[in-house]
Amino acid sequence: LPLSFPEKLWRMLESDQLRSIWWSEAGKCVAINKDLFEVEVLGREGQQIFHTQKIRSFMRQLNAYGFTKIQRDFQRSASLPEFLAEEEAASAQSQILYYYNPSFNRAHPWLLGTCKRR
């Protein structure tokens, strides 16, 4: 049987072969470098994993399986130089998308079976 979308995603995260997608520090979220993912995963010629070349279609698939996009909060400094440095770092981080699904957790692989399409 072909793998479901969540199973493909899980295998991709566990493989450590890609630089564009990884588990968050706690293993509760999927982190995706949007630009790199488009080239590294979606841009593959003849070897499409998710049957799409568009990041929006991939994100729709995430949503269809109950993933929600979450925002990372940044603490801001009061001093101007530190604030500007933090803004630059936040801008680089804006290419990173974070998605959460309570049934998709690195520490609880048995929950993967409950991750169903809506």
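Residues numbered from 1 in each chain as written. Predicted model: local features only at pLDDT ≥ 70, side-chain atom pairs only at ≥ 80, totals over all residues. Heavy atoms only, no water.

**Re the overall build of the protein**
Helix and strand counts for the protein come out as four helices and four strands. Traced from its N-terminal end to its C-terminal end, the protein shows the element sequence α-β-β-α-α-β-α-β. Burial statistics for the protein: of 118 residues in total, 35% are counted as buried. Taking as baseline every contact in the protein between residues at least 6 positions apart, the subset at least 24 positions apart corresponds to 60%. Taken as a whole, the protein presents about 7800 Å² of accessible surface, with 50% of it coming from carbon and sulfur. (Helix = DSSP H or I, 4+ residues; strand = E, 2+ residues; numbered from the N terminus. Buried < 20%, exposed > 50% of the residue type's maximum accessible area, 1.4 Å probe, protein only. Contact = heavy atoms within 4.5 Å. Areas by Shrake-Rupley, 256 points an atom, 1.4 Å probe, with all protein chains shown as cover.)

**A word on the sheet that holds strand β1 (residues 21-23)**
The four strands are arranged β1-β2-β4-β3 in an open sheet whose pairing can be described as antiparallel. With one partner strand each, in any of the chains shown, β1 and β3 (68-70) form the two edges of the open sheet. Ignoring which end each strand starts from, the neighbouring axes of this sheet average 35 degrees apart. Each of β1 and β2 (29-33) touches helix α1 (residues 5-15); the most contacted strand, β1, lies at about 85 degrees to it. Running at roughly 20 degrees to strand β4 (residues 96-100), helix α3 (residues 55-64) makes contact with β2 and β4 of the sheet. (Pairing = 2+ DSSP bridges. Axes fitted to C-alpha atoms, helices over the stretch in contact; angles between N-to-C directions.)

**A few points about the pairing of β4**
Regular strands have side chains that alternate between both faces of the sheet. Across the five residues of β4, four count as buried, placing the element largely inside the fold. Of the pairings in the sheet, the one linking β3 to β4 comprises three bridges and is antiparallel in character. Residue pairing across strands places Lys69 opposite Tyr99, the latter belonging to β4.

**Things to note about the packing of aromatic side chains**
As enumerated under the stated definition, the model contains nine aromatic pairs in all. Among the aromatic residues, ring-to-ring pairing joins Phe5, Phe37, Phe50, Phe58 and Tyr65 into one connected group. (Phe/Tyr/Trp six-rings, centres within 6.5 Å; stacked < 30°, edge-to-face > 60°.)

**Details of helix α2 (residues 34-42)**
Within α2, the full set of buried residues consists of Phe37, Glu40, Val41 and Leu42. An end-on view of α2 places all buried positions within 150 degrees of arc, on one side of the element. Of the surrounding elements, those touching the buried residues of α2 are α1, β1, β2 and α3. (Arc of directions from axis to C-beta.)

**Regarding α1**
Considered for burial, the residues of α1 that qualify are Phe5, Pro6, Lys8, Leu9, Trp10, Met12 and Leu13. Where α1 is buried, its residues meet β1, β2, α2 and α3. Taken from the residues just after α1, Asp16 is the one with a positive phi, measuring 60 degrees.

Keep in mind these values describe shape, not function.
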